[in-house]
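Each chain, written out:
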Amino acid sequence: MSKEMKLIAEWTYKPSDVVRGYTNQTLFVNVGSRKFAAKPVSEEMKLKFTGGRGFDLKLLWDAVNENTRWNDPENEIVISGGPLCGTTQYPGAGKFYAAFISPLTDQTYDSNSGGHFAPLLKLAGFDALELQGKAEKDVIVFIDGDAGKIQILESPFDDVNAYTITEALHEAFSDGSNDDKRFVSVISAGKAAEKSLWGCLNSSFWDIRRKVARLKQAGRGGGGTILRDKKIAAVVVRSHKLSGDINKAVDVQVLQDRGNKLHREIHDLDAQQCRMRTVGTPHLNEIMNEYHLLPTHNYKFGQHPDIDKIHSNVYEGLFTQGIPDGCWYGCSLACAKAVDNYTIQTGPCKGKVVTVDGPEYETVASLGSNVGVFNPQWTIEANFYADHYGVDTISLGTGFAFVCECYERGYITKEHTGGLDLNFGRADDLMELIHRMAVGKDEFALAVGQGIRKMKRIFADRYGAPYEEMEKFGMEGQGIEVSEYVPKESIAQWGGYFLTLKGPQHDEAWLIFMDRVNKQLPTFEDKAEALHYFPNFRTWFSLVGLCKLPWNDIEPADNATAHRPQDAAKVPEHVQNYVDIFNAVTGRNISKEELVLMSERVYNFQRVFNLRMGKGTRKDHNIPLRALGPVYPDEWLAREEYYDNELKSVGVEPAGLSVEEKIARLQEARLTQWEQLKDAVYKRRGWDRNGIPTVRKLKELGMDFPEVVSVVEKHARPEDQWKD
Amino acid sequence: MITVNGEGLDWHEGMTVRDIIRARKFTFPMLAVWIDDSPVSRGAFDTTVVPDGATVQIIHMISGG
């Protein structure tokens, strides 16, 4: 730090104790007007919105209006854990969920992260944090849960990049000892978040074994861009009230029993199942490759001959073993893997020896196979800089893959790229582009950081690139980049990605195996049922503050034999665990059916919220042609027999057709299927043909608040209502 | 001939669950296998013989993401 942290404004409060998972108040901070408030949480708010993302969206709804855009001062970043967040008896209970109006999609976005921020925020006395306004110069928001005060401080940092600022703030807000730093958590972004719309929120926890700050990310949607637009360099929370019963649960014994059982499963079975404790999500690398699902060269292909270079065993060797890598206390799944003692090769940190969080599977694919780079060292370095500069690794990688294809097709040249050769696999030049983005070095680097949707327009207008061609392979939906699975062979996954609330992010439904491999979803109604159940079931994690991974990345030994296949995919014993631990913390008495209902309330509220923001209708559920199938001959020819059979399956005889004709015929058939899928899904979800929740549905869910109903009534059209 | 996840597969004498998994290149570790409505535990994939005409379901548990 080069300067002192001067106090700009301060507010004192009485920290509220946690009772049955809630503190029953939320914190409002406006960094522009320097106003502070504690807002009460009503019983109705808990019943209707549960917590976490539900609270975020409720508070955000009240803060913005239909004209609010991402960089308006009233836009907020709202952060909340949820009633189960902070639980230490059951794995995966340290998540926070952030919601905001996204700079990429101009509608609501929610993004989650591990780390210690949300549990410490709860211990500081708040169920949620609203950050509003814009400061005049860089500030730090400090939530001191020990002293009961909130401060806005002048930021002393010239370098706001994440690792720099996070390490310094753990030091500054602790007594400096290794042990004391764990009572602090920091949210930050970085320089690239100022220059691009892909800004991520980094959330820290202090790793007392490694003696370093670790960074987890709420990566998606541009939350970090908003943080920097508000001139918030960091948000710091501190509390020393850590205990074994943070949530003051009604029945701690149930938490311990369910937790102990899952700990045993993880201990006994993880090595034979997903190997989360040794390699984390990169256990998927070669599996996705084998099933043609690993995005390679901008999702053209799903396999690559160099897969062995990025095999999970390679990453297992790079990750430090033997250290419990949970990102919150009590998570024995421990998948927060890290590469220690990595020497940075490029950029401003060149020569520095660091600990790099990850890479996780998504980053191995995005900043790896998808841009044609099969070099783990490069991926680790790109991962480090993405976090440090504050950009989402998924959008960054998918965006770069789009750029590479534009370059390869000659739509952009070195003349445009500032001399960079951006063919697939050009590792050095791609790394240089990351560095250029961080400082906004030239107009090309700035254009890339706007995301694929805007890049298509910029490349067309500025460089004469053919817009319609780029529409085919620009892998975005609703304005945000696709995450790292090839979706084109699963109709259900088209929905899992593109019939979502916020765009193609894999946290709603991952149905490729169920649909394509298991053949469990043969009809559109079957697919629609899955696209109702799984998004809603998964939404529940975001309401209560849990991580999804301990749900189905580990399963009981008898899961596969004790239940019919259709049920086994839901991991019924773990679902029951969630019902039990929710009831044990809150004292409520929900069933597994009510669990889904809780989600459905918030899911539909968010859909109407998007409608209020001018989105949220059928036309906004766009899909690029490459997500439906091959768009160029090399994609078809890579799996010619397979695609010829696909053509036959839609009633077209491939014999005598050119490859281009085959592509056109398959695309035509799949576009029809896409519209059929939309109809089936909308109907199952209780939405009209235009994708708008019906008033009847809102009433059924008890979400028929007058202001919500009025949004629906304003947009619903008689011709879009189902006849039956 | 047997049916695997709704699609035909040539059968041979002594064919085991593991043989089918290899033939279909199913490398995912979390598989649930059912033969004619009876479950097969993962530990018995190598030794369970599949009868001719069987209906086999090899279910990949979701994972992913």
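Residues numbered from 1 in each chain as written. Chains lettered and ligands numbered in written order. Predicted model: local features only at pLDDT ≥ 70, side-chain atom pairs only at ≥ 80, totals over all residues. Heavy atoms only, no water.

(A) Quick look at the overall build of chain A. Regarding its fold elements, chain A presents 31 helices and 17 strands. Its C-alpha atoms give chain A a radius of gyration of 24 Å, within 12% of the compact-globule value 27 Å for 724 residues. By the burial criterion, 66% of the 724 residues in chain A qualify as buried. Expressed as a percentage of contacts within chain A between residues at least 6 apart in sequence, the contacts between residues at least 24 apart total 71%. When the accessible surface of chain A is totalled, it reaches about 23100 Å², and 48% of it is carbon and sulfur. Averaging the positions of the 88 positive and the 102 negative side-chain charges in chain A gives two centres separated by 3 Å. (Helix = DSSP H or I, 4+ residues; strand = E, 2+ residues; numbered from the N terminus. Rg over C-alpha atoms; globule rule 2.2 N^0.38 Å. Buried < 20%, exposed > 50% of the residue type's maximum accessible area, 1.4 Å probe, protein only. Contact = heavy atoms within 4.5 Å. Areas by Shrake-Rupley, 256 points an atom, 1.4 Å probe, with all protein chains shown as cover. Lys, Arg positive; Asp, Glu negative; His and termini not counted. Charge placed at Lys NZ, Arg CZ, Asp CG, Glu CD.)

(B) The domain arrangement of chain A, seen in detail. All names here are of chain A. Looking at chain A, the domain boundaries give domain 1 (7-238), domain 2 (279-481) and domain 3 (491-554 + 591-720). Inter-centroid distance (C-alpha atoms) of domain 1 to domain 2 is 26 Å. In this assembly, 45 residues from domain 1 lie in contact with 46 residues from domain 2. Interface of domain 1 and domain 2: buried area, both sides summed, is about 3600 Å²; carbon and sulfur atoms make up 55% of it. Linking domain 1 to domain 2 there are six salt bridges. For Asp340, the salt bridge identified is with Arg210, shortest N-O distance 2.8 Å. (Domains from an automatic or database assignment. Buried area = accessible area lost by both parts, 1.4 Å probe. Salt bridge = Lys/Arg side-chain N within 4 Å of Asp/Glu carboxyl O.)

(C) Seen up close, the side chain of Asn577(A). Within the secondary structure, Asn577(A) is located in helix H24 (residues 572-586). With residues up to four places along the chain from it excluded, the contact list for Asn577(A) reads Tyr90(A) and Arg258(A).

(D) Examining the pairing of strand E9 (residues 149-154) of chain A more closely. Residues and elements named next belong to chain A. With respect to burial, E9 is a largely interior element, five of its six residues being buried. In this sheet, E9 lies alongside strand E1 (residues 7-12) in antiparallel orientation, the contact comprising five bridges. What sits directly across from Glu10, in E9, is Gln151. With six bridges connecting them, strand E8 (residues 139-144) and E9 associate as antiparallel partners. Looking at E9, one finds that Phe142 is bridged to Gln151. Between E8 and E9, which pair antiparallel one after the other, the connecting turn spans four residues, and Gly148 there sits at a positive phi close to 70°. (Pairing = 2+ DSSP bridges.)

(E) Structural view of the pattern of salt bridges. Residues and elements named next belong to chain A. Taken as a whole and assessed by the stated rule, the structure comprises 68 salt bridges over all chains. A salt bridge links Asp325 to Arg210; the shortest N-O distance between them is 2.9 Å. Taken together, the residues Asp325 in the loop between helix H9 (312-318) and strand E14 (338-343) and Arg210 in the loop between strand E11 (201-207) and strand E12 (212-218) connect sequence positions 115 residues apart. Asp325 gets classed as buried once you look at its relative accessible area, which sits at 1%. Judged by relative accessible area, Arg210 falls into the buried class, the value being 12%. Across the salt bridge formed by Arg717 and Asp720, the nearest N and O atoms sit 2.6 Å from each other. According to the relative accessible area criterion, Arg717 is partly exposed, its value standing at 38%.

(F) Here's a closer look at the sheet that holds strand E3 (residues 35-40) of chain A. Residue and element names in this part refer to chain A. Pairing is mixed in the open sheet, where six strands are placed in the order E3-E2-E7-E4-E5-E6. Looking along the sheet, the strands with just one partner apiece sit at the ends: E3 and strand E6 (108-113). With strand direction ignored, the average angle separating the axes of adjacent strands in the sheet is 20°. Note that strand E2 (residues 25-30) and E3 share six bridges and pair antiparallel. Across the sheet, residue Thr26 finds its bridge partner in E3, namely Lys39. (Axes fitted to C-alpha atoms, helices over the stretch in contact; angles between N-to-C directions.)

(G) The pairing of E6(A), seen in detail. Residues and elements named next belong to chain A. Along E6, five of the six residues are buried, which leaves the element largely enclosed by surrounding structure. In this structure, strand E5 (residues 96-101) lies alongside E6, joined through six bridges in antiparallel fashion. Bridge pairing links Ala99 to Asp110 in E6. In sequence, E5 turns back onto E6 through a hairpin of six residues, with Asp106 there showing a positive phi of about 55°.

(H) Summary view of the interface of chain B and chain A. In this complex, chain B contributes 25 residues to the contact, which on the side of chain A involves 34 residues. Here chain B packs against chain A, burying approximately 2500 Å² in sum over the two surfaces, 59% of which is carbon and sulfur. In this structure, the connection of chain B to chain A is made through three salt bridges. For the interface between chain B and chain A, the tally reads nine residue pairs in polar contact (both at pLDDT 80 or more). Breaking the side of chain B that touches chain A down by element, the ones donating at least two residues are strand E3 (31-35), strand E4 (38-40) and strand E5 (55-60) of chain B. Looking at which element gives the most residues to the side of chain B that touches chain A, the answer is E5(B), with four residues. Tallied by class, residues from the side of chain B that touches chain A come to 13 nonpolar, eight polar and four charged. (Polar contact = N/O pair within 3.5 Å; in protein donor to acceptor, adjacent residues only side chain to side chain. Nonpolar A, V, L, I, M, F, W, Y, C, P; charged D, E, K, R; others polar.)

(I) Region of interest: the sheet that holds strand E2 (residues 7-9) of chain B. All names here are of chain B. Here five strands make up an open sheet; going across it, the order is E2-E1-E5-E3-E4 and the pairing mixed. Two strands lie at the open edges of the sheet, namely E2 and E4, each paired on one side alone. On average, adjacent strands in this sheet sit at an angle of 30° to one another, irrespective of strand direction. Of the pairings in the sheet, the one linking strand E1 (residues 2-4) to E5 comprises two bridges and is parallel in character. If you follow Val4 over to E5, its bridge partner there is Val56.

(J) Spotlight on the packing of helix H20 (residues 524-544) of chain A against helix H29 (residues 659-685) of chain A. All names here are of chain A. Look at H20 against H29: their axes get within 8 Å of each other, and the N-to-C directions meet at 55°. For the element pair H20 / H29, the angle class is oblique. Crossing geometry of H20 relative to H29 is assigned as right-handed. The segment H20 lies against H29, with Phe524, Lys527, Ala528, Glu529, Leu531, His532 and Pro535 engaging Gln673, Gln676, Leu677, Ala680, Val681, Arg684 and Arg685. Classifying every residue of the contact of H20 with H29 by side-chain character gives seven nonpolar, three polar and four charged. (Parallel < 35°, antiparallel > 145°, perpendicular 65-115°, else oblique. Left-handed = near helix turned anticlockwise from the far one by under 90°.)

(K) How the structure looks around the packing of helix H2 (residues 53-63) of chain A against helix H25 (residues 592-612) of chain A. Residues and elements named next belong to chain A. At a minimum axis separation of 10 Å, H2 and H25 run at an interaxial angle of 30°. Classified by the angle their axes make, H2 and H25 are roughly parallel. Considering only the axes of H2 and H25, their crossing is left-handed. Along the contact surface, H2 presents Arg53, Gly54, Leu57, Lys58, Leu60 and Trp61, while H25 presents Val602, Tyr603, Phe605, Gln606, Val608, Phe609 and Arg612. Residue composition of the contact of H2 with H25, by class: eight nonpolar, two polar and three charged.

(L) Just helix H14 (residues 427-439) of chain A, in detail. Residues and elements named next belong to chain A. The terminal C-alpha atoms of H14, which comprises 13 residues, lie 19 Å apart, in line with the 18 Å expected from a rise of 1.5 Å per residue. Burial of H14 is extensive: 10 of the 13 residues sit out of reach of the surface. Those residues of H14 that fall on the buried side of the exposure criterion are Ala427, Asp429, Leu430, Met431, Leu433, Ile434, His435, Arg436, Met437 and Ala438. On its buried face, H14 sits against helix H5 (192-195), helix H11 (376-389), helix H12 (393-408), helix H13 (414-417) and helix H15 (443-448). (Expected span 1.5 Å × (residues − 1).)

(M) Quick peek at helix H16 (residues 452-463) of chain A. All of the buried residues in H16(A) are Ile452(A), Met455(A), Lys456(A), Ile458(A), Phe459(A), Ala460(A) and Tyr463(A). Looking one or two residues beyond H16(A), the residue adopting positive phi is Gly464(A), at roughly 75°.

(N) Looking closely at the packing of aromatic side chains. Residues and elements named next belong to chain A. Counted according to the given criterion, the structure contains 45 aromatic pairs over all chains. Among the aromatic residues, those joined into a ring-pair cluster are Tyr90, Tyr533, Phe534, Phe537, Trp540, Phe541, Trp551, Tyr578 and Phe582. Of note, Lys46 hangs over the ring of Tyr22, and the distance from its end group to the ring centre comes to 4.6 Å. (Phe/Tyr/Trp six-rings, centres within 6.5 Å; stacked < 30°, edge-to-face > 60°. Lys NZ or Arg CZ within 6 Å of the ring centre and 35° of its normal.)

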